[in-house]
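# Close look at the chain arrangement
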Amino acid sequence: ARSVVLAAVLLAAAGVLADGGCQSGVCALEPRARKPAAVQPRRQPLTRLLAARPPQALSTTAVETGAPGLLARLKMPLAFTCWYLFSIVYSIVNKLVLSNWNFPCTSAAAQLLVGVLTLLLLWTPIPLPGRAAPLQARAPPVLSLDDVRRLTPIAGCLAAGHLLSTVAPAYGTVAFTNVVKTAEPLFTCLFSALFFGQIFPLPVYLSLVPVIAGVCLATASEVSFSAVSLVSGLLSNVAFAMRAITAKRVMQGGEVGVNLTSQNLYGVLTAMALAMCIPVAIVFEGARIVPGTLATLATVGRARFMKQMLLLGTSHYFYNECAFLALSSVHPITHAVANTVKRIAVILISLLVFRNPLTLPGAVGSTVAIGGVLLYSLAKTRC
């Protein structure tokens, strides 16, 4: 818990630097130009918000000396460190919570609720004594009903993917779930061809062969195999691949909202996904949630359970915030390598924490699948 608090402080510092360094919130390392104070927020192109761009040259006129320059140099390492840390913490705590409180749909909604409450805190002006203007960590976005309508399909895919990603580790191991999720590029290529007629170069498709082979080998040799975990993981891949396809279609429709930075966009989608997850949780788990929760509280303890839920929600929200900050400001190849290393770290640490048995074919399959994802990501950067 202490390390998470420390990481949150570091993330806050990195977020302040990102917000202060660029208007978009993505901080794509573009040359910065001063704007008059009277300029009003402009509608941001959705293409800048939903798609990461390669970094451009840094401005040579920026101040590189003193505290601001030091913090600017530390921004990216802090973002990556917090991204890795929160991702690992989330994976471990999520499994711990689901082991004692097997209500994955309700847990998924609770995670999004913590994220929404965090956003409301960031968006709310806080008056301070001796300060003329209230303190506001982040300016809230302004959306029309048409903007909400256009974002609804993306939020629906996010809700489905998040629900299924929470169900998968409830019935299987964290390591196995992460291996299954490496198959997402397969569905992305399939849907890109079906919906857009987009055909990638041959190396992209060849890179999918080790992904498929590795997932099949890991599945066949999984000691704690669960069909529910496998199907949920694969369906979550479908949902997240559809989210990417849906986002691409929305991009083609022009600008969305006012002050809709990448971080605000993620916040809006989180709130919309929460509204979709609540009915699902009520339908599938509503009848059992009260007696099940009381039994969990009697076993785990009220204070410990509440701490775990709070840590689960905050780590989920902030690891996604860190991913936006870290991955949108680096070259796609760096993105691919960093994401692969992160997945390896989650798998290895989960094996150490939960002491899950891993057969040699399972280890080989996991390695082949993860290596295939890295090859796929590198091949895509050359398209």
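Residues numbered from 1 in each chain as written. Predicted model: local features only at pLDDT ≥ 70, side-chain atom pairs only at ≥ 80, totals over all residues. Heavy atoms only, no water.

What follows covers the overall build of the protein. Helices and strands together make up the secondary structure of the protein, namely 13 helices and 0 strands. When the helices and strands of the protein are read in sequence order from the N terminus, they spell out α-α-α-α-α-α-α-α-α-α-α-α-α. In the protein, which comprises 383 residues, the share counted as buried stands at 48%. Within the protein, residue pairs in contact and separated by at least 24 positions form 88% of the contacts whose partners lie at least 6 positions apart. Per element, the accessible surface of the protein, about 18600 Å² overall, is 70% carbon and sulfur. (Helix = DSSP H or I, 4+ residues; strand = E, 2+ residues; numbered from the N terminus. Buried < 20%, exposed > 50% of the residue type's maximum accessible area, 1.4 Å probe, protein only. Contact = heavy atoms within 4.5 Å. Areas by Shrake-Rupley, 256 points an atom, 1.4 Å probe, with all protein chains shown as cover.)

Helix length check: helix H8 (residues 202–220), at 19 residues, gives a terminal C-alpha distance of 28 Å against a target of 27 Å (1.5 Å per residue), a fit within 8%. For H8, the set of buried residues is Val204, Ser207, Leu208, Val211, Gly214, Val215, Ala218 and Thr219. The buried residues of H8 occupy one face: seen down the axis, they fall within an arc of 130°. Exposed residues on H8 whose side chains face more than 90 degrees from its buried face are Leu202, Val209 and Ala220. (Expected span 1.5 Å × (residues − 1). Arc of directions from axis to C-beta.)

Let us now look at the side chain of Lys95. Its location among the elements puts Lys95 in helix H3 (residues 66–100). Judged by its relative accessible area of 15%, Lys95 falls in the buried class. Apart from the residues lying within four places of it in its own chain, the contact partners of Lys95 are Pro169, Ala170, Gly172, Val174 and Phe354.

Generally speaking, nonpolar side chains in soluble globular proteins are found buried as a group. Counting residues in each nonpolar core, the largest one holds 28 residues, and the members touching the most others are Leu151, Ile154, Val268, Leu269 and Cys277. If one sorts the elements of this core by residue count, helix H10 (residues 262–300) sits on top with 9 residues. Discounting residues that sit within four places of it in the chain, Val268 has contacts with Trp123, Pro141, Leu143, Leu151 and Leu260. Of all hydrophobic cores here, the second largest spans 26 residues; its members include Phe80, Phe86, Tyr319 and Ala338. (Core = buried A, V, L, I, M, F, W, Y, C linked by side-chain atoms within 4.5 Å.)

Two elements in contact, helix H4 (residues 104–123) and helix H5 (residues 145–171), have axes separated by 8 Å at closest approach and are oriented at 130°. Our classification of the angle between H4 and H5 gives oblique. Between H4 and H5 lies a crossing whose hand is right-handed. Of the residues in H5, those in contact with Pro104, Cys105, Ser107, Ala108, Gln111 and Leu112 of H4 are His162, Leu163, Thr166, Val167 and Ala170. In terms of residue class, the contact of H4 with H5 is made up of 7 nonpolar, 4 polar and no charged. (Axes fitted to C-alpha atoms, helices over the stretch in contact; angles between N-to-C directions. Parallel < 35°, antiparallel > 145°, perpendicular 65-115°, else oblique. Left-handed = near helix turned anticlockwise from the far one by under 90°. Nonpolar A, V, L, I, M, F, W, Y, C, P; charged D, E, K, R; others polar.)

With that settled, consider the confidence of the model for the protein. In this model, the protein carries a mean pLDDT of 80, and residues with pLDDT of at least 70 account for 79%. Across the protein, element-level confidence peaks in H5 with a mean pLDDT of 94 and bottoms out in helix H1 (residues 2–21) with 40. Every residue in residues 1–42 scores below 50 in pLDDT, and together they form 67 contacts with partners more than four places removed in sequence or on other chains. Within the model, pLDDT remains below 50 along residues 50–65, and this stretch shows 30 contacts once partners closer than five positions in the same chain are excluded. (pLDDT = per-residue confidence, 0-100.)

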